[in-house]
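Breakdown of the fold
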Amino acid sequence: AREAYRRSRERQDVRLVGIWQAAANARRRLARALDPEGERAKDRAKYAARRERKKETKRAWAKRAGVRLRLEVLNAYGAKCRCCGEARLQFLCIDHINGGGHQHVKSIGGHMYSWLRKNGFPPGFQVLCHNCNMAKSLYGACPHTSYQE
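What comes next is a walk through the structure. Source: prediction; values computed, not measured.

Concerning the layout of surface pockets
Of the volumes computed, that of the largest pocket is approximately 220 Å³. In terms of lining, the largest pocket is formed by 13 residues, of which the most central are D95, H96, G101, H102 and N133. Every element with two or more residues in the lining of the largest pocket is listed here: β1 (92–96), α3 (101–108) and α5 (130–139). Among the elements that line the lining of the largest pocket, the one with the most residues is α5, at 4 residues.

Written out as structure tokens, the structure is:
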């Protein structure tokens, strides 16, 4: 008896939801008929807000994916500066051992980290901190290596 009562209540709930939905649709149609520009403005505002939320979500996802890719590449090449031993990931970057990084990045169309992963982390690259990388670029060698020699 309880099961039959529960099923009859569920059928009533379904019918009521259908009635409420029909009433809500009728109210929307009436509002649109009375003030079409106002309803269109509301629709545009809702659409713009939804589009902005989607953009923010996509940006956040892309940022997380980029961070994961960078960490994967740095870990594949040792995750610490080969010159001075700096291990804080914020300071690290990938360096072309034999130079020519700018031309290489231009030839592959940017996206260096994804290229490295796609090509199986090829040799000829190393992890340097930004200071050592700039010193190598500007002066031909890092001051750390000249002190060590």
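A closer look at the pairing of strand β2 (residues 125–129)
Of all 5 residues that make up β2, 5 are buried, and the element is covered over most of its length. Neither face of β2 is left uncovered, since the one carrying F125, V127 and C129 and the one carrying Q126 and L128 both have all their residues buried. One ladder, built from 5 bridges, connects β1 with β2; its direction is antiparallel. Of the residues in β2, the one forming a bridge with I94 is V127.

Comments concerning a nonpolar patch on the surface
A cluster of nonpolar side chains, namely L16, V17, I19 and W20, defines an oily patch on the protein surface of about 420 Å² accessible area. With respect to the element layout, L16 can be found in helix α1 (residues 2–34).

A few points about unusual backbone geometry
Located in the positive-phi region is H111, a residue other than glycine, with phi close to 55°. Tracing the chain through its elements places H111 in the loop between α3 and α4 (112–118). For F121, which is not glycine, the phi dihedral falls at a positive 50°. Within the secondary structure, F121 sits in the loop between α4 and β2. Given a relative accessible area of 25%, F121 falls into the partly exposed group.

How each quantity is defined
- Residues numbered from 1 in each chain as written.
- Predicted model: local features only at pLDDT ≥ 70, side-chain atom pairs only at ≥ 80, totals over all residues.
- Heavy atoms only, no water.
- 1 Å grid on protein atoms, 1.4 Å probe; cavity = no way out; pocket = protein on both sides within 12 Å on 5 of 7 lines; lining within 4 Å.
- Points joined across faces, edges and corners; volume = space filled by probe spheres on them.
- Helix = DSSP H or I, 4+ residues; strand = E, 2+ residues; numbered from the N terminus.
- Buried < 20%, exposed > 50% of the residue type's maximum accessible area, 1.4 Å probe, protein only.
- Pairing = 2+ DSSP bridges.
- Patch = residues over 30% accessible without salt bridge, like charges linked within 9 Å, V, L, I, M, F, W, Y side chains within 5 Å.
- Areas by Shrake-Rupley, 256 points an atom, 1.4 Å probe, with all protein chains shown as cover.
- Salt bridge = Lys/Arg side-chain N within 4 Å of Asp/Glu carboxyl O.

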